[in-house]
Amino acid sequence: MSSEQKVWSLGDRWNRENGYRQVLSIAFPLALSMGSVSIMLFVDRMFLTWHSAGAVAASMPAGMLNFALMTLFMGTAGYTSTFVAQYHGAGRHDRIGPTVWQGIYIAMIGGVALLALVPFAGIFFRFVGHDVAIRENEIVYFRLLCLGAMPFVASAAVAGFFSGRGRTWPVMWVNVLATAMNAVMDYALIFGHWGFPELGIRGAAVATIISESVQILAYLALLSRPEYNLRYRSLAGWRFERALFARLVRFGLPSGLQFFIDMIGFTVFILFMGRLGAVPLAAINIAMSVNVLAFLPMIGVGIAISVLVGQSLGRDRPDLAERGVYSGAHIC
């Protein structure tokens, strides 16, 4: 193949439907959104590093365990984006709102499941065998984070309403808002500024809960717009639909299990590292926080691929679905 033909091939791949440009137009805001989540975690641990070594050492194991447990429900509820994409591609807009609500119901189940684990936090972290000072911080941090599980998972479900239709900029701005709120509340609650009490690691957890609550409230405010309700039944579709719920679980649960298995592997590694002492644990926490900045944006590209595949299959265009997969894989 001549160099001129290669250039034309690359240009064709860039401009064609489901080519590089279209993948990036959807993936870019999602990658920034995932980057904002990375920044949120990084800021949490940066502030805790300035507060005490014990607090930052405890934040990663407890936070990772909480997040790993949530991924089972988050991956399942977040599969709304694929369902929304297919309904959008097929022109069945009235099924989009009900789909999102089934994801919210999965989030409610996940929230209850995480709350049920709160009484067992002490038993688990004593079994892990970290230093006493670290262990007590881990128990407190984990228990408080479990309170914010439901809004966090629900945000993943509602985000599918926008990303599944290829409208990813609202997802980015809502994540930016939540990240900014988390940073402000971290500063106020960890160190006790602006009249707030100094709560240390408790403050970091409360700041996370506040930011997660602001995030889901912002999504619900957008979802309640009259034009969305008229076209997509974003509010009118709130009823539980057994068949739709079962389909979402059937196809979304494997995604949630994959996400869970990936994260639980990281979590077990960090929990074992904690047995080496506070300093090695604090060091691995900082290294992992920086590493998250690298790989989480790629998850945004993965979501973009699933959206394009869903929309293409909804239009009965498997050829476009295949092209979208290869375009996204090349970018990653």
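Keep in mind that this is a model prediction, so the values were computed, not measured.

Draft legend 1. Here's a closer look at the overall build of the protein chain. Helices and strands together make up the secondary structure of the protein chain, namely 14 helices and zero strands. For the protein chain, the N- to C-terminal ordering of α and β elements is α-α-α-α-α-α-α-α-α-α-α-α-α-α. Taking 2.2 N^0.38 as the reference for a compact globule, 332 residues should give roughly 20 Å; the C-alpha atoms of the protein chain span a radius of gyration of 21 Å, in line with that estimate. If one aligns the C-alpha atoms of the protein chain with their principal axes, the spans along those axes are about 60 × 55 × 40 Å. Counting across all 332 residues of the protein chain, residues that qualify as buried make up 50%. In the protein chain, 80% of the contacts between residues at least 6 apart in sequence involve partners at least 24 apart. Carbon and sulfur atoms make up 68% of the accessible area of the protein chain, which totals about 14900 Å².

Draft legend 2. Looking closely at the side chain of Ser211. Position of Ser211 among the secondary structure elements: in helix H10 (residues 201-223). The residues contacting Ser211, other than those within four sequence positions of it, are Met40, Ala178, Met181 and Asn182.

Draft legend 3. Region of the structure containing the nonpolar core. Phe125, Phe142, Phe161 and Tyr219 are the most contacted members of the largest nonpolar core, which has 71 residues in total. Element by element, the count of residues in this core is highest for helix H3 (residues 53-77), at eleven residues. Leave out the neighbours within four places in its chain, and Phe161 touches Val84, Ile96, Val100, Leu223, Tyr228, Tyr232 and Ser234. Ranked by size, the runner-up nonpolar core spans seven residues in total, among them Met60, Ala68, Ile270 and Ile284.

Draft legend 4. Fine view of the packing of H3 against helix H7 (residues 132-147). Running from amino to carboxyl end, H3 crosses H7 at an angle of 40°, the nearest separation of the two axes being 8 Å. It follows from the interaxial angle that H3 and H7 lie oblique. Where H3 crosses over H7, the two elements pack in a sense that is right-handed. Two secondary-structure elements touch here, H3 through Gly54, Ala55, Ala57, Ala58, Ser59, Pro61, Ala62, Gly63, Leu65, Asn66 and Leu69 and H7 through Ile134, Asn137, Glu138, Tyr141, Phe142, Leu145 and Cys146. Of the residues that constitute the contact of H3 with H7, the class distribution is twelve nonpolar, five polar and one charged.

Quick notes on the rules
- Residues numbered from 1 in each chain as written.
- Predicted model: local features only at pLDDT ≥ 70, side-chain atom pairs only at ≥ 80, totals over all residues.
- Heavy atoms only, no water.
- Helix = DSSP H or I, 4+ residues; strand = E, 2+ residues; numbered from the N terminus.
- Rg over C-alpha atoms; globule rule 2.2 N^0.38 Å.
- Buried < 20%, exposed > 50% of the residue type's maximum accessible area, 1.4 Å probe, protein only.
- Contact = heavy atoms within 4.5 Å.
- Areas by Shrake-Rupley, 256 points an atom, 1.4 Å probe, with all protein chains shown as cover.
- Core = buried A, V, L, I, M, F, W, Y, C linked by side-chain atoms within 4.5 Å.
- Axes fitted to C-alpha atoms, helices over the stretch in contact; angles between N-to-C directions.
- Parallel < 35°, antiparallel > 145°, perpendicular 65-115°, else oblique.
- Left-handed = near helix turned anticlockwise from the far one by under 90°.
- Nonpolar A, V, L, I, M, F, W, Y, C, P; charged D, E, K, R; others polar.

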